[in-house]
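# Inside the fold
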Amino acid sequence: MIDDISNLLGSREPVNALLGSRKKPQLEVFTVEFGDDAVDVAYYGATVTSWRTAGRERLWMSSLSRLDESGPIRGGVPVAFPQFADQGPLPLHGFARTLRWTRIGGEGRDDCATATFALRKYGVPGGGHDALTSDETMGWDPAFELLYTVSVGRNDDGSPFLGLELGVKALTPFEFTTCLHTYLRFDDVRDVRLAGLRGVAYYDKVAAEDRVEDEDAIAVEQASIASCGSRPPAAGFVDRIYHETRGRPLTLTVAGGEIYDLEQTATYRDTVVFNPWVEGKRGPTRGPDFDDDGYHYMLCVEPAVARDRGPVALAAGESWAGKQTITIRAA
């Protein structure tokens, strides 16, 4: 992460020839390419809407998602800031995912290509937006700078990776919570197991209980049943906030297929695991932008700072940075 966000916000670095801009229907995205791999980042919300490795899509997007900048994008990797979920006075996940960001740089390296996007309370100097109004920041008035770098590349062993790094700088004092709402795509989520969280305390938002994970490998269907209590099993969301997962490596294993290694910096102290299962987002009232069968193909494993253990507090001039890296390798 660039240490001095202000300096980069004022710069205009040349963008590597591997980087290009294109449009999806009604949604302007910037494409970062590395060999046969590519990432699309929407200017709206700086939401990553696609990660393709050798032509195969790795992120889930709802076919019902709004793509006209009239509301949050459902799927990909939305950025939640300055509020995680409903843990505060702002609407769900805050405002960063519903504002246009400015692309301020990018580069090609030996192992990856990157693009950097910025959002700033008083606008990006020479950039694509002016000072944000109080309405745009939902009445949240502290002065801030956000810097978001997305990278796509290959390790020495040929395994593809996606890097997502968010930097926050306080121009005036404030507190915040945050997450990267990563929707990973699978052919069948029932074939996926998440390992690395045994013994970790978590808050089950569906059961409204504090619990400790006792499974070596978490299966979504079984987790849904465990969370639903006396209700029918199909009713059970999986929506859990695992606490103090700082730097803990996690793995997603796909039966007969691949392994996803998920790493997050210690600054992201929590990890959220989410899948609405059969009924959680079904129908126009609960999930108007979520495919009725979408649960079958996705799993969110999100680096987060939730309010349960206290927000991040920054004094004027202080910065915070957090990163998630997802690597895919053969089983």
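The preceding data block contains the structure.
The present account deals with the structure reproduced in this document. Being a predicted model, the structure only gives us computed values, none of them experimental. (Residues numbered from 1 in each chain as written. Predicted model: local features only at pLDDT ≥ 70, side-chain atom pairs only at ≥ 80, totals over all residues. Heavy atoms only, no water.)

Attention shifts here to the overall build of the protein chain. Within the protein chain, the secondary structure is distributed over three helices and 24 strands. Considering the protein chain as a whole, with its 331 residues, one finds that 56% of them fall into the buried category. Contacts spanning at least 24 positions in sequence make up 67% of the contacts within the protein chain whose residues lie at least 6 apart. For the protein chain, the accessible area works out to roughly 13300 Å², and carbon and sulfur atoms hold 47% of it. (Helix = DSSP H or I, 4+ residues; strand = E, 2+ residues; numbered from the N terminus. Buried < 20%, exposed > 50% of the residue type's maximum accessible area, 1.4 Å probe, protein only. Contact = heavy atoms within 4.5 Å. Areas by Shrake-Rupley, 256 points an atom, 1.4 Å probe, with all protein chains shown as cover.)

Computed from the structure, the largest pocket encloses a volume of approximately 440 Å³. Lining the largest pocket are 22 residues, and of these Arg74, Leu92, His93, His181 and Lys281 lie nearest its centre. Of the residues in the lining of the largest pocket, the class split is 11 nonpolar, two polar and nine charged. (1 Å grid on protein atoms, 1.4 Å probe; cavity = no way out; pocket = protein on both sides within 12 Å on 5 of 7 lines; lining within 4 Å. Points joined across faces, edges and corners; volume = space filled by probe spheres on them. Nonpolar A, V, L, I, M, F, W, Y, C, P; charged D, E, K, R; others polar.)

Quick look at empty space enclosed by the protein now. Across all of its chains, the model carries two cavities of 30 Å³ or more by this definition. A volume near 50 Å³ is recorded for the largest cavity. Around the largest cavity, the lining residues are Leu194, Ile218, Val220, Ala223, Val238, Val273 and Leu299. Of the residues that constitute the lining of the largest cavity, the class distribution is seven nonpolar, no polar and no charged. Volume-wise, the second largest cavity comes out at about 30 Å³.

Next up on the list: the side chain of Glu213. Residue placement: Glu213 occurs in the loop between β16 (209-212) and β17 (217-218). Within polar-contact distance, the side chain of Glu213 engages the backbone nitrogen of Glu215 at 3.0 Å. (Polar contact = N/O pair within 3.5 Å; in protein donor to acceptor, adjacent residues only side chain to side chain.)

As a further point, take the pairing of strand β24 (residues 319-330). Two strands pair when backbone bridges link them, and strand β10 (residues 160-170) and β24 are joined in this way by nine bridges, in the antiparallel orientation. When the bridges of β24 are listed, Gly163 appears paired with Thr325. Where strand β20 (residues 258-264) meets β24, seven bridges bridge the pair, whose relative direction is antiparallel. Bridging across to β24, Gln264 finds its partner in Gln324. (Pairing = 2+ DSSP bridges.)

Attention now goes to the state of the cysteines. Using the criterion set out here, one finds zero disulfides in the structure. Cys300 provides the cysteine sulfur closest to Cys179, a residue in no disulfide bond, and the two sulfurs are 8.7 Å apart. Owing to a relative accessible area of 0%, Cys179 belongs among the buried residues under this scheme. Of the residues examined, Cys300 reaches a relative accessible area of 0% and is grouped as buried. (Disulfide = S-S within 2.5 Å.)

A few words now on a negative patch on the surface. Judged by side-chain charge, Asp110, Asp111, Asp156 and Asp157 come together as a negatively charged surface patch. Tracing the backbone through its elements, the reader meets Asp110 in the loop between β7 (102-108) and β8 (112-120). (Patch = residues over 30% accessible without salt bridge, like charges linked within 9 Å, V, L, I, M, F, W, Y side chains within 5 Å. Salt bridge = Lys/Arg side-chain N within 4 Å of Asp/Glu carboxyl O. Lys, Arg positive; Asp, Glu negative; His and termini not counted. Charge placed at Lys NZ, Arg CZ, Asp CG, Glu CD.)

Turning next to unusual backbone geometry. The amide bond that connects Phe81 to the next residue, Pro82, takes the cis arrangement and shows omega of 0 degrees. Along the polypeptide, Pro82 turns up in the loop between β6 (79-80) and β7. Within the chain, Glu69 stands out as a residue other than glycine whose phi angle is a positive 65 degrees. Residue placement: Glu69 occurs in the loop between β5 (56-57) and β6. We classify Glu69 as partly exposed; its relative accessible area is 28%. The residue His93 is not glycine, and still its phi comes out positive at about 70 degrees. Among the residues examined, His93 registers a relative accessible area of 6% and is labelled buried.

Moving on to the sheet that holds β7. Spatially, nine strands are ordered β7-β8-β9-β10-β24-β20-β19-β14-β17 in an open sheet, and the strand pairing comes out antiparallel. In this open sheet, the two strands that pair with only one neighbour each are β7 and β17.

Taken as a whole and judged by the stated rule, the model has 21 aromatic pairs. Each ring, one from Tyr43 and one from Phe117, has its centre 5.9 Å from the other, and the planes form 75 degrees; the classification is edge-to-face. With Tyr43 in the loop between β3 (37-42) and β4 (48-53) and Phe117 in strand β8, this residue pair connects regions lying 74 residues apart in the sequence. With a relative accessible area of 9%, Tyr43 lands in the buried category. Judged by relative accessible area, Phe117 falls into the buried class, the value being 0%. Judged by centre distance (4.8 Å) and plane angle (35 degrees), the rings of Trp60 and Phe290 are tilted. (Phe/Tyr/Trp six-rings, centres within 6.5 Å; stacked < 30°, edge-to-face > 60°.)

What follows is about the environment of Thr177. Considering the arrangement of structural elements, one finds Thr177 in the loop between β11 (174-176) and β12 (178-180). Judged by its relative accessible area of 0%, Thr177 falls in the buried class. Along the primary structure Thr177 and Gln87 are separated by 90 residues, whereas in three dimensions their C-alpha atoms are 8.3 Å apart. Residues within four places of Thr177 in sequence aside, it is in contact with Ala80, Phe81, Pro82, Gln83, Phe84, Val305, Ala306, Arg307 and Pro311.

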